[in-house]
Amino acid sequence: MASSDASSIVWLRDDLRLDDNPALTHAAALGLPVTVVFILDEESAGIRPLGGASRWWLHHSLAALATALEDEGSRLLLRRGPAAVVIEDLAAETSATHLFWNRRYGLPERTVDDAVSVWADQNGVHGSSFQANLLFEPWTIRTGAGGPYKVFTPFWRACLATEDIRDLQEAPQQLPSPATGKGGVVPPNEDLESWNLLPHSPDWSVGLAATWEPGEDGARRRLEDFLDGPAEEYGTGRNVPGVEGTSRLSPHLRFGEISPFRVWREIRLRFPRQVPADVGIFRSELGWREFCWHLLHTNPELATRNYRPEFDRFEWQSLSSGELKAWQQGRTGYPLVDAGMRQLWQTGWMHNRVRMAAASFLVKNLLADWRIGEQWFWDTLVDADAASNPANWQWVAGSGADASPYFRIFNPVTQSKKFDSAGRYLRQYIPELAALDGKAVHEPWKAGEVQGYPGPLVGLPESRERALQTYSKLKD
Ligand code: FAD
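Residues numbered from 1 in each chain as written. Predicted model: local features only at pLDDT ≥ 70, side-chain atom pairs only at ≥ 80, totals over all residues. Heavy atoms only, no water.

## Looking at the overall build of the protein
Turning to step 1, where the next piece is worked out: When you go through the protein residue by residue, the secondary structure sums to 19 helices and five strands.
Turning to step 2, where the next piece is worked out: Here the C-alpha atoms of the protein give a radius of gyration of 24 Å, agreeing with the 23 Å that 2.2 N^0.38 yields for 476 residues.
Turning to step 3, where the next piece is worked out: For the protein, the spread of C-alpha atoms along the principal axes amounts to about 80 × 50 × 50 Å.
Turning to step 4, where the next piece is worked out: Taking all 476 residues of the protein together, the buried fraction comes to 55%.
Turning to step 5, where the next piece is worked out: A separation threshold of at least 6 residues defines the contact pool for the protein, and within that pool the share at least 24 residues apart is 80%. (Helix = DSSP H or I, 4+ residues; strand = E, 2+ residues; numbered from the N terminus. Rg over C-alpha atoms; globule rule 2.2 N^0.38 Å. Buried < 20%, exposed > 50% of the residue type's maximum accessible area, 1.4 Å probe, protein only. Contact = heavy atoms within 4.5 Å.)

So this is what it looks like as structure tokens:
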């Protein structure tokens with residue numbers, strides 16, 4: 001039986017929202033005063049430190065969440081430190097009898113959560129965890145033989161066959177008042193600014209701020225704009241980097257500002273009779289997100305270890321610092337790669353087709369180890385995701401599950417001619433090429449020297465041949 005000063009803790013992590021947040025809903029339903037806490041944990045073993053763009057996003061997402069909670073008469077408590085210790089201290093401060101959280105799926109995070117769960121059990125704190133961030137929890141989807149899936153299509157088929165997508169949980173009508181500490185003392189809060197999540201000198205975040213609205217409201221607007229607009233032509237629009245043909249929900253999903261269940265439900269409401277084919281393709285992209293987490297769950301070292309062990313003997317080449325910088329800064333001389341890398345630097349996001357081309361250029365044309373690219377994307381993407389980023393890098397490299405075959409080497413020139421034929425995207429991100437006429441923008445070296453823009457870093461036919469030869473050694 002809870003004492004009169006009993007309280008609950010809701011521990012938010014990758015679920016920075018009020019809507020469809022089962023941990024929050026259950027705590028609200030219990031009716032005890034609630035401490036809603038976010039812990040910046042940079043100390044627990046194995047937790048991957050956030051990259052720069054993710055830190056920027058987190059700052060703004062937490063600020064938006066704090067405002068939303070205040071509007072509901074609650075408050076967001078910020079604490080920093082090893083999460084298990086922070087939770088224990090906070091439970092003591094607030095006489096917590098109940099602890100609620102939504103589940104995480106990476107191994108270091110699960111290890112922390114398991115330890116907290118054991119501690120709660122042993123200390124009379126009632127702990128409850130919920131499914132919130134994946135439509136299908138990784139261990140629930142199994143092959144006929146009982147193992148995890150290695151190929152996307154049967155995985156997604158199996159997911160859809162379960163027809164087991166839980167109901168939405170609307171945001172609580174009213175949030176209980178925040179818990180006070182023992183003797184009525186308000187638990188001290190840390191200052192978000194003091195976490196130094198934002199860049200200072202130089203402040204590279206201007207373009208990010210102009211592009212994104214972190215937080216739950218921004219996420220809902222993105223979803224509505226997408227469903228009102230490009231969704232029904234997603235099948236073709238998603239391949240064209242010069243138009244907004246995709247949802248741009250990825251950072252919102254990454255930080256849990258919108259739940260995949262909400263996205264699923266809004267699609268159903270919008271298309272009650274039959275989901276159009278293009279929207280079905282969009283849903284299967286959500287499936288890729290699920291698949292990446294499915295892979296990470298059984299391969300916790302996905303960001304550092306080849307999924308296919310034969311790649312351990314692959315002969316990656318060392319890049320000179322000049323070559324690596326040329327790729328990172330969008331100065332390879334190949335406009336599609338360069339436009340993508342500049343879009344990434346300026347906005348913290350890159351179009352999916354261009355991600356594939358830029359990644360392929362690094363690992364195939366330059367033969368750089370995929371981990372170098374994964375790390376750069378981890379640092380610069382606002383949607384940098386512990387599962388999707390390494391899984392996609394390994395997909396491009398060929399070392400991953402259901403991976404792109406080794407002979408698939410994206411040709412950046414052919415790709416931009418096909419998907420950005422008028423050169424709109426190229427000119428947007430590479431002003432040096434703006435004056436080039438018509439098709440010349442795809443192969444600027446053919447127009448002679450273009451002031452301020454480099455010539456090709458490597459030849460495409462030669463580097464392709466070198467890649468094919470190196471990959472063929474794996475077959476021996
Ligand atoms: P939409 O086309 O609108 O798709 C809707 C949602 O589906 C996305 O928001 C995302 O959550 C999911 N999704 C779509 N494609 C994929 C995919 N291939 N794999 C996993 N989920 C997908 N996506 C990330 O969310 N985080 C990453 O760190 C990440 N790194 C990538 C690295 C490389 C090298 C490549 C090739 C792809 C990577 N992707 C990553 C996948 C994909 O590029 C982005 O999810 C997509 O571009 C996000 O834009 P969107 O929200 O408009 O996508």
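## Quick look at the pairing of strand β3 (residues 76–80)
When a strand is regular, its side chains alternate between the sheet's two faces.
Turning to step 1, where the next piece is worked out: Among the five residues of β3, four are classified as buried, and the element is accordingly described as predominantly covered.
Turning to step 2, where the next piece is worked out: Note: strand β2 (residues 34–40) against β3, five bridges, orientation parallel. Paired with L40 across the strands is R80, a residue of β3.
Turning to step 3, where the next piece is worked out: For the handedness criterion, the β-α-β arrangement of β2, helix α2 (residues 52–71) and β3 is classed as right-handed. (Pairing = 2+ DSSP bridges. Right-handed = clockwise from strand over helix to strand, strands pointing away.)

## Remarks on the domain arrangement of the protein
Turning to step 1, where the next piece is worked out: Here the protein is described as being made up of domain 1 (1–132), domain 2 (134–167 + 210–298) and domain 3 (309–475).
Turning to step 2, where the next piece is worked out: For domain 1 versus domain 3, the separation of C-alpha centres amounts to 39 Å.
Turning to step 3, where the next piece is worked out: With nine residues of domain 1 at the contact, the number on the domain 3 side is eight residues.
Turning to step 4, where the next piece is worked out: When the buried area of domain 1 at its contact with domain 3 is split by residue, R48, A53 and S54 rank highest and sum to 65% of it.
Turning to step 5, where the next piece is worked out: At the boundary of domain 1 and domain 3, one finds one salt bridge.
Turning to step 6, where the next piece is worked out: Residues belonging to the side of domain 1 that touches domain 3 are distributed by class as follows: five nonpolar, three polar and one charged. (Domains from an automatic or database assignment. Buried area = accessible area lost by both parts, 1.4 Å probe. Salt bridge = Lys/Arg side-chain N within 4 Å of Asp/Glu carboxyl O. Nonpolar A, V, L, I, M, F, W, Y, C, P; charged D, E, K, R; others polar.)

## Comments concerning the site of the ligand
Turning to step 1, where the next piece is worked out: Near the ligand, the surroundings consist of 28 residues, among which Y234, T246, S247, R248 and N352 are the closest.
Turning to step 2, where the next piece is worked out: Take R355: an N or O atom from its side chain is 3.4 Å from an oxygen atom of the ligand.
Turning to step 3, where the next piece is worked out: Within the contact set of the ligand, a nitrogen atom lies 3.1 Å away from a side-chain nitrogen or oxygen of N389.
Turning to step 4, where the next piece is worked out: Relative to its unbound accessible surface of 810 Å², the ligand loses 97% to contact with the protein.
Turning to step 5, where the next piece is worked out: Because more than half of its atoms lie within 2 Å of the grid, the ligand is assigned to the largest pocket.
Turning to step 6, where the next piece is worked out: Of all the secondary-structure elements, those providing two or more residues to the shell around the ligand are α9 (250–254), α11 (277–298), α14 (352–365) and α16 (388–397). (Near = heavy atom within 4 Å. Polar contact = N/O pair within 3.5 Å; in protein donor to acceptor, adjacent residues only side chain to side chain. Areas by Shrake-Rupley, 256 points an atom, 1.4 Å probe, with all protein chains shown as cover. 1 Å grid on protein atoms, 1.4 Å probe; cavity = no way out; pocket = protein on both sides within 12 Å on 5 of 7 lines; lining within 4 Å. Sits in = over half its atoms within 2 Å of the grid points.)

## Overview of empty space enclosed by the protein
In this approach, a probe sized like a water molecule rolls over the atoms, and the result shows the empty space that is left.
Turning to step 1, where the next piece is worked out: Within the structure shown, the criterion is met by one cavity of 30 Å³ or more.
Turning to step 2, where the next piece is worked out: One number sums up the size of the largest cavity: a volume of about 30 Å³.
Turning to step 3, where the next piece is worked out: Lining the largest cavity we find V34, T35, V36, R75, L77, P178 and A179.
Turning to step 4, where the next piece is worked out: Here the lining of the largest cavity gets three residues from one element, more than from any other, and that element is β2.
Turning to step 5, where the next piece is worked out: When grouped by side-chain class, the residues that make up the lining of the largest cavity number five nonpolar, one polar and one charged. (Points joined across faces, edges and corners; volume = space filled by probe spheres on them.)

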